[in-house]
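Here is how the chains run, residue by residue.
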Amino acid sequence: MSRKTFGSLLVIIFFSNPTFSQALGPLPMAWHSMGLNADGTVYTWGNNDTGQLGDGTTTTSSPYGKLTPVRVLKGEYSGTTYLGDNPSNRIIAVAGGRQFSLALAEDGTVFAWGLNNRGQLGNNSTTDSSTPLKVLKGAYNGTSTLGDDAGNKIIAIAADRFSSRALAADGTVFSWGYNYYGELGDGSTTQRLTPIQVVKGAYTGTSYLGDDSGNKITTIAAGSQQSLAVAADGTVYAWGYGSNGNIGDGFTSHRYSPTKVKMGEYSGTTYLGDNSGNKMIAVTAGSGHAAALATDGTAYCWGANTNGQLGDNSNSQRTTPVHVLMGAYPGTSYLGDDANKKITTLELGFYSSAALTSDGQVYTWGYNGWYNLGDGSNSNRWTPVKVLKGAYDGTSYLGDNSGNPITDIAFGTDFGLALGTNNKLYAWGTNSYGQLGDNSTTIRSTPIIVHGVDDESDLSLPVELTAFSAKVENGSITLDWTTASETENLGFILERRATHAEWLEIASYLTHNSLVGQGSVTRQNKYSFIDDD
């Protein structure tokens, strides 16, 4: 940060380190947290007993994790130092399993690291890795690694307790790892060390799920030894563990190939999503329960409900979908039924559930024994409650500041994460492994702010500033500055104020290309900006 005074104005330049997430990964079974930065690099924190943080270490003594975020090393990724640091092939998605991690690159290839006892890393071995490995192609029609065919890239990934999933651009689905309950969807219970293709089951294709080009699979999810997929026609398929009714077909049986989820309380003909006017657009899975998001913004849940995680104001198991009730949501009857405050994101944790509305607020329900619903209590909730603000800069609830709505959420095993528009990351719930990232193992009943990389007490500047000048001419101010070197610098934010006035942001690297930093360089760089307001 640098301040310069001239005339009656003061200009402040902030140098921006990539210390907070721009997107979160689904983490339904995880004991660790993952965040994806705007520059494509990946940050992890929390449990690290099998190398799932990807920084080249394992943490084998209490608390068995890292208490603040670390950067994932590149491993087999073609970069300089860190996973995603090649600007021509950034990481675009992440997902966390119980003790392993996945990442998807822009070129469609997939990386995995951490526990590998069931082959969940997909590299044809059962050896753990503390840095990223490339997932091999297996049954995928590529050259050597999954997604390496530029004409059929991998476009989405998901992880459950001990296995992995990937969705290809052509709509077909691949899976690998543990398969005791048929969660890989190949009609068997055989563990797979490299990707296999999910068979069609009840899907109306030729051989494999998604192989009808007119009805591709558009999104996938994985929970505790269960898999879900949504087709372009809006219908939902499920397979794997089903003892809690979480397949959604009216039974409590395991399914070894895709089965269509029945409609339950959904207004359709036979199956969930079969009304073309209100298709399903997203799915998510927890430990024994599942959920789907409809086009109209309402949510449906099914499966285990001992802790009220289905949100229907009961603790009764449901073998077909039920509507999530409104609870504390300001609607008519159901969560998301206000067209101005639709549900945009659904995430399930171990025995709990969460939803993000279009106005940036967060609702949770289900198990709350570790304060993981964020409402300040440890009482289970059978209908949605609002997450309290905690350290968030709002009035009462997380996301209630219209200038800083929440943009993304994730739920792990008994903890929650939420990303603000200001790029601050908030966390709450259990913290035994440091998964809240606040440099402690203290349980938090309301949101706290996740610390920066190597803890937010590290305030060293990411640039060496060697020159600065300001010239006032014809009502405009021209700012020029020079850096001799830059370290992980995303860019610059400019603010100004007149004497005794409030600070006003006048420009940012997010809105002006001329203010984008050079990352990590040792050469001289010159910058200029004209303030003519």
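These numbers come from a predicted model, not from an experiment.

(A) Structural detail: the confidence of the model for the protein. Per-residue pLDDT for the protein averages 91, and the proportion of residues at 70 or more is 92%. The low-confidence segment residues 1-20 (pLDDT under 50) makes 83 contacts with residues lying over four places distant or belonging to another chain. Note on residues 456-460: pLDDT under 50 across the span, and two contacts to partners over four residues away in sequence or across chains.

(B) Local environment of the sheet that holds strand β18 (residues 255-260). Ordered in space as β15-β16-β17-β18, the four strands form an open sheet in which the pairing is antiparallel. The open sheet is flanked by β15 (217-222) and β18, the only strands paired with a single partner. Here the average twist between neighbouring strands, direction ignored, is 20 degrees. When strand β17 (residues 236-240) meets β18, the two strands line up antiparallel, connected through three bridges. Within β18, the residue paired with A238 across the bridge is T259.

(C) Representation of the side chain of S287 in the model. Relative to the elements of secondary structure, S287 occurs in the loop between β19 (280-285) and β20 (289-294). According to the relative accessible area criterion, S287 is buried, its value standing at 10%. If we skip the residues at most four places from it in the chain, S287 touches M29, R161, S224, G349, F350 and Y351.

(D) Representation of the pattern of salt bridges within the structure. Counted under the stated rule, the structure contains seven salt bridges. Between D249 and R255 there is a salt bridge; the shortest N-O distance is 2.9 Å. Taking relative accessible area as the criterion, D249 reaches 4% and is therefore assigned buried. Residue class for R255 comes out partly exposed when judged on its relative accessible area of 23%. For R444, the salt bridge goes to D438, with nearest N and O atoms at 2.8 Å. Classification of R444 by relative accessible area gives partly exposed; the value is 26%.

(E) Just the nonpolar core, in detail. V42, L83, I91, W113 and L417 are the most contacted members of the largest nonpolar core, which totals 26 residues. Looking at this core, the elements with two or more residues in it are β4 (32-36), β5 (42-47), β7 (91-96), β8 (100-105), β9 (110-114), β28 (415-420) and β29 (425-429). Counting residues in hydrophobic clusters, the runner-up holds 18 residues, among them F100, I157, A159 and F174.

(F) Looking closely at the environment of A238. Structurally, A238 can be placed in strand β17. C-alpha separation for the pair A238 and K260, spaced 22 residues apart in sequence, amounts to 6.4 Å.

(G) How the structure looks around the pairing of β20. When you tally the buried positions in β20, you get six out of six residues, the bulk of the element. Here β20 shows a buried face lined by H289, A291 and L293 and a second buried face lined by A290, A292 and A294. As defined by bridge partners, β19 adjoins β20 across five bridges and the pair is classed as antiparallel. Looking at β20, one finds that T284 is bridged to A291. Hairpin geometry of β19 and β20 is characterised by an intervening segment of three residues between the two adjacent antiparallel strands and by a positive phi of about 95 degrees at G288. Of the strand pairs in this sheet, β20 and strand β21 (residues 299-303) are connected by five bridges, and their pairing is antiparallel. Bridging across to β21, A292 finds its partner in Y300.

So, how was this worked out
- Residues numbered from 1 in each chain as written.
- Predicted model: local features only at pLDDT ≥ 70, side-chain atom pairs only at ≥ 80, totals over all residues.
- Heavy atoms only, no water.
- pLDDT = per-residue confidence, 0-100.
- Contact = heavy atoms within 4.5 Å.
- Pairing = 2+ DSSP bridges.
- Helix = DSSP H or I, 4+ residues; strand = E, 2+ residues; numbered from the N terminus.
- Axes fitted to C-alpha atoms, helices over the stretch in contact; angles between N-to-C directions.
- Buried < 20%, exposed > 50% of the residue type's maximum accessible area, 1.4 Å probe, protein only.
- Salt bridge = Lys/Arg side-chain N within 4 Å of Asp/Glu carboxyl O.
- Core = buried A, V, L, I, M, F, W, Y, C linked by side-chain atoms within 4.5 Å.

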